[in-house]
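Analysis of the macromolecular model
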Amino acid sequence: MSRRIAIEPLAADVFAPFGDVLEASGEPDRLINQGLCGRWHDRARLDFSDGRAGISLFKAEPRALPYSLEMVERHPDGSQAFLPMSEHPFLVIVAADDGGRPGRPRAFVTRSGQGVNFHRGTWHGVLTPLHEPGLFAVVDRIGDGANLEEYWFDEAYTIGRRDRPSQAD
Ligand SMILES: NC(=O)N[C@@H](O)C(=O)O
Ligand code: NI
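An account of the accompanying structure is given in this report. These numbers were taken from a predicted model, which means no experiment stands behind them. (Residues numbered from 1 in each chain as written. Chains lettered and ligands numbered in written order. Predicted model: local features only at pLDDT ≥ 70, side-chain atom pairs only at ≥ 80, totals over all residues. Heavy atoms only, no water.)

Concerning the coordination of the nickel ion (ligand 2)
Taken together, E73 (OE), H75 (NE2), Q80 (OE1) and H124 (NE2) make up the protein donors of the nickel ion (ligand 2), found 2.1 to 2.2 Å from the metal. Note that the nickel ion (ligand 2) binds six donor atoms; their angles at the metal cover 74 to 175°, and the shape is octahedral. Mapped onto the polypeptide sequence, the residues donating to the nickel ion (ligand 2) form the spacing pattern E-x1-H-x4-Q-x43-H. Since its relative accessible area comes to 9%, E73 is described here as buried. (Donors = N, O, S within 2.8 Å, 3.2 Å for Na, K, Ca; no water. Tetrahedral: all angles 85-135°; square planar, octahedral: opposite > 155°, others 65-115°. Buried < 20%, exposed > 50% of the residue type's maximum accessible area, 1.4 Å probe, protein only.)

Comments concerning the nonpolar core
Ranked by size, the top nonpolar core spans 16 residues in total, and within it L69, L91, I93 and I159 carry the most contacts. Of all the elements in the fold, those that place two or more residues in this core are β7 (67–74), β9 (90–95), β12 (106–109) and β17 (149–159). It is β17 that contributes the most residues to this core, four residues altogether. Ranked by size, the runner-up nonpolar core spans 15 residues in total, among them L10, V21, V116 and F118. (Core = buried A, V, L, I, M, F, W, Y, C linked by side-chain atoms within 4.5 Å. Helix = DSSP H or I, 4+ residues; strand = E, 2+ residues; numbered from the N terminus.)

Quick word on the sheet that holds strand β6 (residues 52–59)
The five strands are arranged β3-β13-β8-β16-β6 in an open sheet whose pairing can be described as antiparallel. Either end of the sheet is taken by a strand with one partner, and the two such strands are β3 (19–22) and β6. Ignoring strand direction, the axes of neighbouring strands in this sheet form an average angle of 20°. Bridging between β3 and strand β13 (residues 115–118) involves four bridges; their strand directions are antiparallel. Each residue of the ladder has a partner; that of L22, found in β13, is G115. (Pairing = 2+ DSSP bridges. Axes fitted to C-alpha atoms, helices over the stretch in contact; angles between N-to-C directions.)

Overview of the site of ligand 1
Taken together, the residues surrounding ligand 1 are F58, E73, H75, Q80, F82, H124, V126 and L127. Residue E73 places a side-chain N or O atom 2.5 Å away from an oxygen atom belonging to ligand 1. One of the side-chain nitrogen or oxygen atoms of H75 is found 2.9 Å away from an oxygen atom of ligand 1. In terms of residue class, the shell around ligand 1 is made up of four nonpolar, three polar and one charged. (Near = heavy atom within 4 Å. Polar contact = N/O pair within 3.5 Å; in protein donor to acceptor, adjacent residues only side chain to side chain. Nonpolar A, V, L, I, M, F, W, Y, C, P; charged D, E, K, R; others polar.)

Here you go:
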């Protein structure tokens, strides 16, 4: 099977097996602050085996497309959320688990204003901005242990350009 992977637009239903899509879309769950603010309430499953939730700031180098995916990782002890602090789209790569190894990855591109929360133990690519500044708030587990399992592919996958449908598999 081809090692080229087409990029799909991020959608909550498609992403559901891997995590949550965070976006202020549709009607808010609550109107607060004298009706001047919509609240999309409790939209991500935070899950930590022990330790606590923390918020860190990541400033990552933008990547160019096509992107060579050499590895994915997972965090067995906690979920991890990528919340962009700019309006730019970014690349989100995930893979289902197949007997302790990642299956064929899937690649998504966000729309401006979308963030993601990987469920605990979900195979994912590391934070992958596509534009400067690659500035994100990251909500993940603060605690003991590495909480990190990496898987390096024998052969890299090529994450294609969305505007080149010929790369679709
Ligand atoms: N290692 C780290 O803090 N970040 C990664 O988990 C990542 O997914 O980018
Ligand atoms: Ni991670």
